[in-house]
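Spelled out, the chains give:
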Amino acid sequence: MNEIRPIDAETAASKCRIETKVELETESRLTKKIRSGEIIFEDDFNGNQIDKGKWTHEERNLNTDTYDNQFVAFTAHNNYSRVENNKLKLTIIKLSIRKNHVFNNCTSTNKDPKIYAKECGKPKKNDSRIKRRVFPESDINGSGNIHTKGKFSFKYGRVEIRAKMPRGEFLFPNIFLQPVKYDVDYPMVPQIRLYARGNTVLQDVNRLDLSGKSLFGSVLIWKQEKEKRNYVPYEAFVTRTSPYHYSEDFYNYTIVWRKEKIVYMVDGVVVGTIANSQMLEDFNLHECYLVLGLIAGGRTNFDDDNIMEYHKRKIFSNEARGAKSGFYKAMKTFSWDQPSLLVDYIRVYAIDKNGY
């Protein structure tokens, strides 16, 4: 995956405060009136189930041999997504979705009938182009993914989430903002991201720490290669490395999304700022919705060419023929100590008078 680094001088700042007052930036077509600094969305997960008035489940198989090839299937079953002890718990369970599983409430919007059939375990209704057959073709990992598309979205604001990251080889938390222009399952959706990978040990080819001790704030976009039809991902990121794995405790994570920059923080300390106008362009055109989930693998998150060969390609390859079987064979050696993303609360605030 293509990367842009470092971002700017403000990344190294230990504090980030704007002294001059700013005009109200925050917008939300689903919120009637917005005042500076007020909460415009909140979920403390204090009930006994996920609030369907705020969140929608994804239900589909992602392990379909397409570009990103994430080794997981999303379902709405409470084994994978539930409220427990006043916290949202999104869990991945190894090989828990059987090969004869049909996603009766499949949320796939894919227009390719073959990919749709793989994602849903059945062809579209009255689609004679695909013969009825069993999908997926082998047992796969089950997990949960929820979003607010159609129920809440906003443009510019401060997102605060108190969460405990997952721990386990090649686990990746979905903590995203995605533009409403795109369906949740669109394969090349731009994302404002915050994450710590689940690995105990992981480095890229430049020996940058990619393990769960490193928190990343990033912006992911897709660009079409010159004279080619395919699109490739570009990610601008900032990072902060801790002595501890981010799965060991709850931390307060913050994303401040403004027109000219995005600031990332953990426990009130600035991780860094992304102010590349080309990277932010698509986000300035649309409101965004929230996404929370947990996946395993994925070419975008664990790129073969970017990660040190001994830490990745020697274990499994995203791009090799038979990538799925390679991952599941390697998975037998994985110790997924904490295969859950735990969320205490998530809140979205309108930008206040100080620009936060």
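Quick caveat, the model's predicted, so the values are computed rather than measured. (Residues numbered from 1 in each chain as written. Predicted model: local features only at pLDDT ≥ 70, side-chain atom pairs only at ≥ 80, totals over all residues. Heavy atoms only, no water.)

(A) Geometry of the overall build of the chain. Broken down by element type, the chain carries 3 helices and 20 strands. Contacts in the chain between residues at least 24 apart in sequence constitute 74% of all its contacts with a sequence separation of at least 6. Surface exposure of the chain reaches about 16700 Å², of which carbon and sulfur atoms provide 45%. (Helix = DSSP H or I, 4+ residues; strand = E, 2+ residues; numbered from the N terminus. Contact = heavy atoms within 4.5 Å. Areas by Shrake-Rupley, 256 points an atom, 1.4 Å probe, with all protein chains shown as cover.)

(B) The state of the cysteines, seen in detail. Within the structure shown, the criterion is met by 1 disulfide. Here Cys106 is linked by a disulfide to Cys120, with a sulfur-sulfur distance of 2.0 Å. Taking the torsion about the sulfur-sulfur bond, which here is approximately -65 degrees, the covalent link between Cys106 and Cys120 counts as left-handed. Linking Cys106 in the loop between strand 8 (93–97) and helix 1 (113–120) with Cys120 in helix 1, this pair joins segments that are 14 residues apart in sequence. Like Cys120, Cys106 is buried. (Disulfide = S-S within 2.5 Å. Buried < 20%, exposed > 50% of the residue type's maximum accessible area, 1.4 Å probe, protein only.)

(C) Focus on helix 1. Extensive coverage of helix 1 is indicated by the burial of 6 of its 8 residues. Pro113, Ile115, Tyr116, Ala117, Glu119 and Cys120 are the residues of helix 1 that are buried. Residues of helix 1 that are buried in the fold lie against strand 4 (60–61). Capping the start of helix 1 is the job of one residue whose side-chain oxygen sits 2.9 Å from the backbone nitrogen of Lys114: Asp112. After helix 1 finishes, the residue Gly121 shows a positive phi value of roughly 80 degrees. (Polar contact = N/O pair within 3.5 Å; in protein donor to acceptor, adjacent residues only side chain to side chain.)

(D) How the structure looks around the pattern of salt bridges. Taken as a whole and judged by the stated rule, the model has 16 salt bridges. For Asp344, the salt bridge goes to Arg162, with nearest N and O atoms at 3.5 Å. Of this pair, Asp344 sits in strand 20 (residues 340–349) while Arg162 sits in strand 11 (residues 157–164), and the two are 182 residues apart along the sequence. One continuous salt-bridge network, built from bridges that share partners, spans Glu25, Arg258 and Glu260. (Salt bridge = Lys/Arg side-chain N within 4 Å of Asp/Glu carboxyl O.)

(E) Inspection of unusual backbone geometry at higher detail. Positive phi, normally seen in glycine, also occurs at Asn69, with a value near 50 degrees. Inspection of the secondary structure puts Asn69 in the loop between strand 4 and strand 5 (73–74). Of note in the backbone geometry, Asp267 takes a positive phi value of approximately 50 degrees without being a glycine. Within the element layout of this structure, Asp267 appears in the loop between strand 17 (262–266) and strand 18 (269–274).

(F) View of the layout of surface pockets. Of the volumes computed, that of the largest pocket is approximately 660 Å³. Around the largest pocket, the lining comprises 33 residues; the ones closest to its centre are Asp68, Asp185, Tyr186, Pro187 and Met188. Among the elements of the structure, helix 1, strand 12 (171–179), strand 13 (191–195), strand 14 (214–224) and strand 19 (288–296) are those that each provide at least two residues to the lining of the largest pocket. If one sorts the elements of the lining of the largest pocket by residue count, strand 12 sits on top with 3 residues. In the lining of the largest pocket, the residues fall into 15 nonpolar, 12 polar and 6 charged. (1 Å grid on protein atoms, 1.4 Å probe; cavity = no way out; pocket = protein on both sides within 12 Å on 5 of 7 lines; lining within 4 Å. Points joined across faces, edges and corners; volume = space filled by probe spheres on them. Nonpolar A, V, L, I, M, F, W, Y, C, P; charged D, E, K, R; others polar.)

(G) Fine view of the packing of aromatic side chains. A complete count under the given rule lists 24 aromatic pairs for this structure. Ring geometry for Phe216 against Phe237: centres 5.4 Å apart, planes inclined by 65 degrees, an arrangement best described as edge-to-face. With Phe216 in strand 14 and Phe237 in strand 15 (residues 231–241), the pair connects residues that are 21 residues apart, well separated along the chain. Relative accessible area serves as the criterion here: at 2%, Phe216 is assigned to the buried category. Residue Phe237 is classed as buried on the basis of its relative accessible area of 8%. (Phe/Tyr/Trp six-rings, centres within 6.5 Å; stacked < 30°, edge-to-face > 60°.)

(H) Just the pairing of strand 12, in detail. Across the 9 residues of strand 12, 9 count as buried, placing the element largely inside the fold. By the alternation rule, side chains of strand 12 split into Leu171, Pro173, Ile175, Leu177 and Pro179 and Phe172, Asn174, Phe176 and Gln178, which are all buried. Where strand 12 and strand 19 come together, 9 bridges link them in antiparallel fashion. Residue pairing in the sheet places Pro179 in a bridge with Cys288 of strand 19. In this sheet, strand 13 lies alongside strand 12 in antiparallel orientation, the contact comprising 2 bridges. Bridge pairing links Leu177 to Ile192 in strand 13. (Pairing = 2+ DSSP bridges.)

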